[in-house]
Amino acid sequence: MRQATLRTILRTSFASLTFVATGALVAGEGTPPSVTTFGRDVQPILKAHCLKCHGAEVRKGGLDLRTPAAALKGGDNGPAVVARSAGESLILEQVVSGTMPPGKARKLTEAEIATIRSWIDRGAPSDVSSAPTEEAVAPPAPSFWAFRPPKRPTVPANRDKSRVRNAVDAFVLARLETKGIGFSPDADRTTLARRAYLNLWGVPPSPEEVDAFVADPAPDAYERLIDRLLASPRYGERWGRHWLDVAGYADSEGILDADYVRSAAWRYRDYVIRSLNADKPYDRFLQEQIAGDELVDYWTAYRTRETLPPDVVDALVATGFLRCASDTSRPDFVNIKNAPGYYYQTLDDTLKIVASATLGLTLQCARCHTHKYDPITQEEYYRVQAVFMGAYRPGQWVPQVERRLWEATEGQEAEAKAHNAKVQAAVDALRQKVTAVQKEYGERLFQERLAALPEVIREDVRGAFATEPAKQSEVQKYLTGKFQPALRPAAPMLAAELAKTYPDYKTRVASLEGEIRAEEARRRTFPEIRALYDLPGEVKTPILKRGDYRTPGNAVAPGALAALGTPRPFAWTPPAPPARSSGRRLAFASWLTQPDHPLTARVLINRLWLLHFGEGLVATPDNFGTTGTPPSHPELLDWLACELVARGWSLKAMHRLILTSTTYRQSSRIDPATHARAIETDPEDRLLWRQRLRRLEAEPLRDAIVSVSATLNSGMFGPPIAVERTGEGEVVTPAGAAGGRRSLYYLVRRSQPLSFLQALDQPVMETNCTRRSTSTVASQALNLLNSEFLGRQAEALATRALRDEPRDPAPRAFRLALSRSATSTESARLREFVDAQAGRHARAGAGERARPLAMADLCQMLLSSNEFAYVD
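Let us now look at the overall build of the protein chain. A count of helical and extended segments in the protein chain gives 35 helices and eight strands. Taking the principal axes of the C-alpha coordinates as reference, the protein chain spans close to 115 × 80 × 60 Å. Classification of the 872 residues of the protein chain by burial places 55% in the buried group. For the protein chain, contacts bridging at least 24 residues in sequence account for 73% of all contacts bridging at least 6. Only carbon and sulfur atoms are counted for the fraction: they give 54% of the accessible area of the protein chain, which is about 37500 Å². Of the charged side chains in the protein chain, 114 are positive and 103 negative, and the gap between their average positions amounts to 1 Å.

This is the structure in structure tokens:
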């Protein structure tokens, strides 16, 4: 009944709040939707689907799709793109029809097609460099900004200092002043509170929290709010999800249909959350994830300590970062001819994750040949691969289920082994007793049932069972076959038969089985650590010709990228025997985290900026190379990178700096009268003359729903919660308290993503995700309208509002969901809607449930609204 009446919701006069396919936020009129760009949005789609046949090496039909200019030029069949006319563009015609990509290649999703259409209709603008010729090479390192160490620039002096709260504002305002633009006004306190909560916690504030902040007269009220949010464990959950994206975290292996669940991957997830909450310095955070075992000298602790110290355990768990790539290897793969192809895929994906997460470079483009655009040689790709070859060895591969350590020292394992041997001996002795009892009563059963047979055949049957099968006559074989089920049942049936006929048998066996369970409980076990660690012995790393493991070339030593102008070059010396670990990864981690590294701090700062403003200072967060987008504020990027190092690589310090700036606090609203020059000069807001409106990602949107509905279970950490598949094929969370956990604690199975999250652009971790995509398609609105999950949460929110304000619950529901009070006009429309819906339910026979059902309808609409889904 609710579903039928809910269909009226999308047609009510309150539709200004409904989350519909256009993506327009009517509640904030004048605010344009996010702008689709080539480098950030379209180029990744083309790389994934098209450039294999229309890129640098192959150009079928003479078509090159690497840049907007090349797409506009087209190939043998004419232009692939007709600016501002998606309907006339050949590329769109081909992907919509499913003709391209050809064959069994994965077709573009509805969201990806919508992204390309949006870009074409905008005029197919270019925000990347034109593709160089095949013979051209990238600029040498000293001449390209991203390959030089950042230098701390002087903070500019602004003409108007009244809005400058810190250095961030000084740099942003300096750019604005060159265009004759200034900052927008600060957002109101209610908007700022909701923005900060959603940014740092991923759930909205309660009305009481908003009221306390709004009423706080202290001049540093906002700064203290930010400090409180950063000090909460909710911060680590929110920002841990961001890092897990770039790490490519999942709880299953992927690739094969089995999609095996990883037994202890969740410990890495918990490590990330705890590290961020503790504000672990970012350089240490990276060092532990790349070389934690070598950083804390695990093997010495393993041999010499009584127990593993907590910092050693943490560092081992941290190397789960290098175990995030799909690994489908099994023990029986040794018999598969092309098994090394699987192994190299895992190794190559690991390199891609490391390079994109920490360096912001497309290192993978140098696997088959020297990089076409950046100064990265193929040899250097394999030098970086050699860093990890001490652990990941295609010629000596350890299947993923066997690649693990235990949270124990050598001494603890030896003691446990000796202890468990005694336990096993006791268990074996008890099982022998069970067997003896079963044999005793089995013989008793045989004799009793034999005695019940007719006397004329009794002795023949006895003789048949007493004769070895190989010596039986045909008659004896017949007799044993006929009477076997009754006289000597098979083991499972025998136990059941004995339990029914002999109560004393059941008592004796139950006593023995109790003793067995007690012995089994005495076994000593240790928690598993899904770590990466070096294998013993030497290993060589060949350059693979054209990236093919079947054509190995010369071997190379471990190394890094020479084009990056690091003050201290990569340095590694093979350790003297009998060292258990090679030290390769620790040398790489040391090179990566040196204070003046050209990319490490810049890439992190850019990611923080992206997640606070919806757009990075560099719009291509995984490509700081020559084909990436140049920074919009290069001096600010370098100042922040230097400031990060100066503040001890503290992420919380950088969050506080950014969030307390005027730049962040600006309103996102557009006033055509006062913003006319800004709109004309910088329509895409690259110069940040206002805050950007952006939609919540899938997980915080779901978390916000369960939070305002008061069904949130705030428990932290632990093994992932299993999800369930309904009869209709939908993947859902379990019922009860487990269904209210935050989204990052549910099982992340690559082949079975949660349906609600998948519809809202949760990425499938094929490798990793350096930037979430945001689509706006009709299926999302339909998902929200028909979702059983959202229906239950709407009912919970309605119950909460009715409990808080039984006489006038509609405005209360509005406040709980959207953090602000409804205007008098909105309140009137809310009440009108509830009254009208209650009438419909009453006429449908709902009786006393009519009003609660009407409130649930209103709450589902509020939870589906743009104002709920977007960060203002």
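This part takes up the state of the cysteines. Taken as a whole and assessed by the stated rule, the structure comprises zero disulfides. With no disulfide of its own, Cys-365 has Cys-368 as its nearest cysteine by sulfur position, at a separation of 9.5 Å. Lacking any disulfide linkage, Cys-769 is separated from the closest cysteine sulfur, that of Cys-324, by 13 Å.

Following the criterion strictly, the structure yields 55 salt bridges and no others. Residues Asp-534 and Arg-585 are paired through a salt bridge, measuring 3.2 Å at the closest nitrogen-oxygen approach. With Asp-534 in the loop between strand 2 (528-529) and strand 3 (541-544) and Arg-585 in helix 22 (residues 584-592), this pair connects stretches of sequence that are 51 residues apart. On the accessibility criterion, Arg-585 (1% relative accessible area) is buried. Put simply, Arg-820 and Glu-867 hold a salt bridge, and the shortest N to O gap is 2.5 Å. Placement of Arg-820 in the loop between helix 32 (809-818) and helix 33 (824-843) and of Glu-867 in helix 35 (residues 866-869) is noted, with a sequence separation of 47 residues between them. Of the residues examined, Glu-867 reaches a relative accessible area of 15% and is grouped as buried.

What follows deals with the side chain of Arg-241. Assignment of secondary structure puts Arg-241 in helix 10 (residues 233-247). Those residues within four positions of Arg-241 in sequence are excluded, and the remaining contacts are Glu-699, Leu-744, Met-765 and Arg-772.

Glancing now at the packing of aromatic side chains. Within this structure, the stated rule accounts for 31 aromatic pairs. The ring of Trp-397 carries Arg-403 above its face, with NZ or CZ at 4.9 Å from the centroid. Over the face of the ring belonging to Trp-689 we find Arg-690, whose NZ or CZ atom lies 5.6 Å from the ring centre.

By the definition in use, this model includes nine cavities of 30 Å³ or more. Along its surface, the largest cavity is lined by 20 residues, and Val-748, Arg-749, Pro-753, Gln-762 and Pro-763 are the ones closest to its centre. Residue classes in the lining of the largest cavity are distributed as twelve nonpolar, three polar and five charged. If you add up the space inside the second largest cavity, you get close to 120 Å³. Along the wall of the second largest cavity there are 13 residues; nearest its centre are Trp-239, Trp-243, Leu-604, Leu-608 and Leu-651. At the level of secondary structure, the elements contributing two or more residues to the lining of the second largest cavity comprise helix 10, helix 12 (282-295), helix 23 (600-613) and helix 25 (651-659).

Moving on, we get to the confidence of the model for the protein chain. Caution applies to low-pLDDT regions: their predicted coordinates should not be interpreted in detail. In this model, the protein chain carries a mean pLDDT of 89, and residues with pLDDT of at least 70 account for 94%. Segment residues 4-33: pLDDT under 50, and 71 contacts once partners within four positions in sequence are set aside and those in other chains are kept.

So, about the nonpolar core. Generally speaking, soluble globular proteins have nonpolar side chains that are buried together. Residues Trp-243, Tyr-268, Phe-321, Phe-388, Phe-588, Trp-609 and Leu-640 are the most contacted members of the largest nonpolar core, which totals 136 residues. Ranked by the residues each element gives to this core, the list is headed by helix 15 (residues 339-359), at ten residues. If we skip the residues at most four places from it in the chain, Leu-640 touches Val-168, Ile-605, Trp-609, Leu-617, Met-654 and Leu-657. Of all hydrophobic cores here, the second largest spans 47 residues; its members include Val-731, Leu-760, Met-861 and Phe-868.

Note that an α-helix has 3.6 residues per turn; residues three or four places apart therefore point the same way. For helix 16 (residues 378-389), spanning twelve residues, the distance from its first C-alpha to its last is 16 Å, which sits close to the expected 16 Å at 1.5 Å a residue. By the criterion of burial, helix 16 is predominantly enclosed, with ten of the twelve residues buried. The complete set of buried residues in helix 16 reads Gln-378, Glu-380, Tyr-381, Tyr-382, Val-384, Gln-385, Ala-386, Val-387, Phe-388 and Met-389.

The next subject is the pairing of strand 3. What you see with strand 3 is no split at all: Thr-541 and Ile-543 on one side and Pro-542 and Leu-544 on the other are buried throughout. Across three bridges, the pairing between strand 3 and strand 4 (residues 552-556) is antiparallel. The residue of strand 4 that forms the bridge with Pro-542 is Ala-555.

Attention now goes to the packing of helix 2 (residues 38-49) against helix 5 (residues 110-121). Relative to each other, helix 2 and helix 5 sit at 130°, their axes nearing to 10 Å. In this view, helix 2 runs oblique relative to helix 5, as classed from their interaxial angle. Every pair of crossing elements has a handedness; the one defined by helix 2 and helix 5 is left-handed. For the pair helix 2 and helix 5, contact is made by Phe-38, Asp-41, Val-42, Ile-45 and His-49 and by Glu-112, Thr-115, Ile-116 and Trp-119, respectively. For the contact of helix 2 with helix 5, the residue count by class is five nonpolar, two polar and two charged.

Next up on the list: helix 10. The terminal C-alpha atoms of helix 10, which comprises 15 residues, lie 21 Å apart, in line with the 21 Å expected from a rise of 1.5 Å per residue. Along helix 10, 14 of the 15 residues are buried, which leaves the element largely enclosed by surrounding structure. The residue sitting at the N-terminus of helix 10 and contributing the capping side-chain oxygen is Ser-232; that oxygen lies 3.0 Å from the backbone nitrogen of Arg-234.

The contact between helix 28 (residues 698-708) and helix 31 (residues 788-804) brings their axes to 8 Å, and the two run at 35°. The segment helix 28 lies against helix 31, with Arg-702, Ile-705, Val-706, Ser-707 and Val-708 engaging Phe-789, Leu-790, Gln-793, Leu-797 and Arg-800. Counted by class, the contact of helix 28 with helix 31 contains six nonpolar, two polar and two charged residues.

How each quantity is defined
- Residues numbered from 1 in each chain as written.
- Predicted model: local features only at pLDDT ≥ 70, side-chain atom pairs only at ≥ 80, totals over all residues.
- Heavy atoms only, no water.
- Helix = DSSP H or I, 4+ residues; strand = E, 2+ residues; numbered from the N terminus.
- Buried < 20%, exposed > 50% of the residue type's maximum accessible area, 1.4 Å probe, protein only.
- Contact = heavy atoms within 4.5 Å.
- Areas by Shrake-Rupley, 256 points an atom, 1.4 Å probe, with all protein chains shown as cover.
- Lys, Arg positive; Asp, Glu negative; His and termini not counted.
- Charge placed at Lys NZ, Arg CZ, Asp CG, Glu CD.
- Disulfide = S-S within 2.5 Å.
- Salt bridge = Lys/Arg side-chain N within 4 Å of Asp/Glu carboxyl O.
- Phe/Tyr/Trp six-rings, centres within 6.5 Å; stacked < 30°, edge-to-face > 60°.
- Lys NZ or Arg CZ within 6 Å of the ring centre and 35° of its normal.
- 1 Å grid on protein atoms, 1.4 Å probe; cavity = no way out; pocket = protein on both sides within 12 Å on 5 of 7 lines; lining within 4 Å.
- Points joined across faces, edges and corners; volume = space filled by probe spheres on them.
- Nonpolar A, V, L, I, M, F, W, Y, C, P; charged D, E, K, R; others polar.
- pLDDT = per-residue confidence, 0-100.
- Core = buried A, V, L, I, M, F, W, Y, C linked by side-chain atoms within 4.5 Å.
- Expected span 1.5 Å × (residues − 1).
- Pairing = 2+ DSSP bridges.
- Axes fitted to C-alpha atoms, helices over the stretch in contact; angles between N-to-C directions.
- Parallel < 35°, antiparallel > 145°, perpendicular 65-115°, else oblique.
- Left-handed = near helix turned anticlockwise from the far one by under 90°.
- Polar contact = N/O pair within 3.5 Å; in protein donor to acceptor, adjacent residues only side chain to side chain.

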